[in-house]
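Here are the chains, one letter per residue:
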Amino acid sequence: MTLLRFTKDHEWIRLDGDLAVVGITDYAQSQLGDVVYVELPEIGRRVEKGKEAAVVESVKAASEVYAPVSGEVAEVNEAITADPAKVNADPMGKGWFMKLRLTDLKELDDLLDEAAYQRFLEQEQH
Amino acid sequence: MNDVSLTGPIASVTGNRGLQIEEKLIFEQDSPGRCGVDLPEPAPFLSRLGGLARQGVIGLPGLSEPQVVRHFTRLSQKNYAIDSGLYPLGSCTMKHNPRLNEKLARQPGIADIHPLQPVSTVPGALELMDTLAHWLKILTGMPAIALSPAAGAHGELCGMMAIRAALELRGERRSRVLVPESAHGTNPATAAACGYMVDPIPANDSGRVDRAALEAKLGPDVAALMLTNPNTCGLFEGEIIEIAAAVHAAGAFFYCDGANFNAIVGRVRPADLGIDCMHLNLHKTFSTPHGGGGPGCGAVALAASLGRHAPLPWIVHGPDGLELLEQGTGAAELSLGRLKGFHGQMGMFVRALAYMMSHGSDGLRQVADDAVLNANYLRAGLEGELSLPFGGHCMHEVLFDDGFLKDTGVTTLDFAKALIDEGYHPMTMYFPLIVHGAMLIEPTETESKASLDEFIAVVKRLAAAARSGDVRRFRSAPVLTPRRRLDETRAARKPILRWRAELECREAAE
Amino acid sequence: MRYLPLTERDREEMLAALGAPSIDALFAEVPAAARLDGPVGLPRAKGEIEVERAISAMAARNVVAGSVPFFVGAGVYRHHIPAAVDHLIQRGEFLTSYTPYQPEISQGTLQYLFEFQTQVALLTGMEVANASLYDGATACAEAVMMANRVTGRRKAVLSGCLHPHYREVCETYARFLGFDLATQDPAPGDEDLGRLVDRGTSCVVVQNPDFYGEARDYSGLARVCHGAGALLVVVVTEILSLGAIRPPGEMGADIVAAEGQSLGNALNFGGPHVGLFAARDKFVRQMPGRLVGQTADLDGRRGWVLTLSTREQHIRREKATSNICTNSGLCALAFTIHLALLGEAGLVRLARLNHAAAVAVAERLERIPGVRLVNRAFFNEFTVRLPQPAADVVEALAQTRVLAGVPVSRFYPKRDGLADLLVLAATEMTTPEDIDRLEQGLREVL
């Protein structure tokens, strides 16, 4: 079962077996502009829901990527370190940032589903 | 005015365009052993370098004087400057840099004196610094001036450190600093660096800080409010005295970012507004040259409660004349310490003092008057074509937003780049952040009416062109400059920050 | 008024265009209590003749370094600046331009800063350098803060032989910006700083040549630091020394914080000068200050832009790596031009001239009874121990118009053990007559 959720800070999280894949949304990458650099956490690091887990930089902005849920970093996507443009090209797919081993599945409950995130975006833009 | 044809330039053999000449890096013009300075060879002597003599080649190129002069002359010809034309950068105060100031700064009695020669041999230097401080005290109404900060941001750091020192002396732990959302990025950066949590205050519909929101955020844990006045929208904060009173009632300090002092110099004293601490940019209001990015000077005016924490060194009036206090003892025992090596930016002190003496108290007041008049003249001239987010007149700078570009496909950035082709440096863009696609224009008082009329005419023509759908002109701009738009993404993804012999640093597109 | 182009007629026409009755109307928002009715209590406008007279009178009260035998150094050095430098920096397109935020019309500034960054990297033996900071002392403080960021630690060890102003600036920053310093005793001599390094240390800061002029090899200390996961920061106050002695990059330094004043920039009573900052490539994103990077434009032509700006305050606001907004632009240009004129051969020869001058002075002073040279090795500056308080000697010699150096007690007035130490510098500007007068003066006073 793949569960896809979103945060109001424009991160997405997709459950993939017992790991959760995290990235930034298409809206986030278009707001940032060309991504020039990403700073990914170390494998094994514990991240906390709502706290900074990674940094993504474009020419005109630098943004924190917050962990949508708490967990341990199991894998990071070296491909975007080598080629940050992947984040712009395929933010929901090849542009993923990290995979977390979750500790508390209930933390997913207050995240937005796809429809709610779309509604949130429409509100944001007004 | 003629329309410029936007078909590309004629290709020359060299790639040069008349007076605009391509110039390689000095490293690409090396001839080993060649030298542009003739120096004698010392007589043989016994080295005392202790076995640390440098081995191997450093890698510096050798050029003659004619080549070096030509190199840097050609480079200079690729720069826009105040000397070339109007530089409408909001909050930067790009006024004329008087040449008298350059002459005086080069007098041997100013340029060829060392900060550590015996103080008894430099009474004139102390006198100059003291005189400058005196002028700044009278203009600000504040009793103390810290001269040593090297730039505006450095002055902000000085001010916030003085505030923290004062609070520590009181034995109070306050953790928050209030900063308007319209503030320049250095304000929250400085507050955060000093260990404070930054609490933003929104603006109201008239572009001023929301006083109710501000007062609601005041409390015993607020250390300071950092405000810019006139603010970054170019508007005077009319409720500033009430705001100051509220800040003081809460036991906090009132820091003012003095970047916009040009609007009120000689007309208003910051002390009369209730300000405790204000940095001045000598390279803005007081005409010291921007020099392509520096050096500057961010002298700080301080109220008595903060003046005793001023950074070293202090110049004080002693029984036998001026004294230089270099230690944090005696009268200076509460000083926050040293923020910079030696005694401060003397080269900027003399230029600023010469500027102030040239204008005098009457001339300085006229500076503010003309600066505000010029900005309002631009506002009136452009308000039909461009869109104003806030009504009423402005102070020394006028803020437009990108409403007038709606549905044209032209962004603020594109508009600014088209202005470059017309022979102007763009205005400040996308700042302040509280307005969409901001364009902040500050002409300063050293622009003539004719210069302003020309600028108004050009901007109106461009606005009309944008609305008529001539998108290509804007998206491709600039085309008439030494370089067209540069790939900043590539520069950041694969940084090349120096020349290397091994690398292909030559002209090559991927 | 010569700098104000608006005439009274212009003002009237413009006010009419605004529909404003007077200029005062434009200041209506100023609260009545704060409105000044007339000019403040300062002198009125003056023409060039009067201003020049007033400033010249102040200047004339100072003893000019070039007019006397001059041996004052301690972080600011008197060198010859080729005539072309000052002419070039006064070109209006350099003098009166702004930060190169619009690269299409700032390629002049951007190209010379790229050349400057390269020169600084080459001189220091490091991989990357920024486009300058305010001065050496603030560069030193910024280096410590960068080491803290890189290592995630917050305690730095400072050599006691670091220039006292540099140490004091670090202390101010440490106190208010929230990190710790372990400072050592300022007496001259070798230190065992390696012993103080542990897994809580972010960096060790040494100066080479140090405040007393002593030159050392810090390779061993670099290894100790790296073994503990700490960085080595090397400070250089006399940048010309790198024309003669091994650079910090070859000793294992991770960050170099230096003062560039000796190239292209006059004494100026201590400012403006130019801070140099260089580091290893892998730390580049933690570097403070501006960086210029190479790229291409839409036509594929090589050009330069400010880059990696997202570290800076105007984008990251609270999260910036530092609050620095300015570099030392024109002073960096003067440095670049001077070094371009010198080139490899000229710099090496100039450095040799400096060392030769200092050796000549040291040899003469060593022969004076009671005067002892403290240094084993030095470049163009060294320290002597006198049989009397150095401050008194310096003042006595100043009366005879000889500026004999800096007494250490000027920086450490409470340290009796340092009161007999005098720091002297000699450069390519030092003449045989200067040395004669110094020796003669010292023999008379001592």
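Residues numbered from 1 in each chain as written. Chains lettered and ligands numbered in written order. Predicted model: local features only at pLDDT ≥ 70, side-chain atom pairs only at ≥ 80, totals over all residues. Heavy atoms only, no water.

**Student:** Hey, could you go over the interface of chain C and chain B for me, with residue numbers and the actual values?
**Tutor:** In this complex, chain C contributes 196 residues to the contact, which on the side of chain B involves 210 residues. Between chain C and chain B the total buried area reaches about 17,800 Å² when both faces are included, carbon and sulfur atoms providing 62% of it. When the buried area of chain C at its contact with chain B is split by residue, Phe269, Arg302 and Arg410 of chain C rank highest and sum to 6% of it. Connecting chain C to chain B are 20 salt bridges. Ionic pairing is found between Arg301 of chain C and Glu22 of chain B, a salt bridge with its closest N-O pair at 3.6 Å. At the surface where chain C touches chain B, the tally comes to 99 residue pairs in polar contact (both at pLDDT 80 or more). Broken down by element, the side of chain C that touches chain B gets its largest block of residues, 25 residues, from helix α11 (residues 329–366) of chain C. Across the side of chain C that touches chain B, the residue classes break down as 103 nonpolar, 48 polar and 45 charged. (Contact = heavy atoms within 4.5 Å. Buried area = accessible area lost by both parts, 1.4 Å probe. Salt bridge = Lys/Arg side-chain N within 4 Å of Asp/Glu carboxyl O. Polar contact = N/O pair within 3.5 Å; in protein donor to acceptor, adjacent residues only side chain to side chain. Helix = DSSP H or I, 4+ residues; strand = E, 2+ residues; numbered from the N terminus. Nonpolar A, V, L, I, M, F, W, Y, C, P; charged D, E, K, R; others polar.)

**Student:** Outline the pattern of salt bridges, supporting the account with residue identities and numerical values.
**Tutor:** For the structure on display, the rule yields 64 salt bridges over all chains. A salt bridge links Glu29 of chain C to Arg208 of chain B; its shortest N-O distance comes to 3.1 Å. Here Glu29 of chain C is found in the loop between α2 (23–26) and α3 (48–60), whereas its partner Arg208 of chain B is found in the loop between β3 (197–201) and α7 (211–217) on a different chain. With relative accessibility at 25%, the residue Glu29 of chain C sits in the partly exposed group. Connected through shared salt-bridge partners, Asp190, Asp210, Glu214, Arg216 and Arg376 of chain C make up one network. (Buried < 20%, exposed > 50% of the residue type's maximum accessible area, 1.4 Å probe, protein only.)

**Student:** Report on the nonpolar core, specifying residues and quantitative values.
**Tutor:** It is characteristic of soluble globular proteins that their nonpolar side chains tend to be buried jointly. Residues and elements named next belong to chain B. If you look at the biggest cluster of nonpolar residues, it comprises 125 residues, and the most contacted ones within it are Phe286 and Phe415. Element by element, the count of residues in this core is highest for helix α10 (residues 346–382), at 19 residues. Discounting residues that sit within four places of it in the chain, Phe415 has contacts with Phe404, Leu405, Val410, Met439, Val459, Leu462, Ala463 and Phe474. (Core = buried A, V, L, I, M, F, W, Y, C linked by side-chain atoms within 4.5 Å.)

**Student:** I'd like a rundown of the environment of Gly159 of chain B, residues and numbers included.
**Tutor:** All names here are of chain B. Structurally, the position occupied by Gly159 is in helix α5 (residues 152–170). Judged by its relative accessible area of 0%, Gly159 falls in the buried class. Beyond its immediate chain neighbours, meaning those up to four positions away, Gly159 contacts Tyr255 and Cys277.

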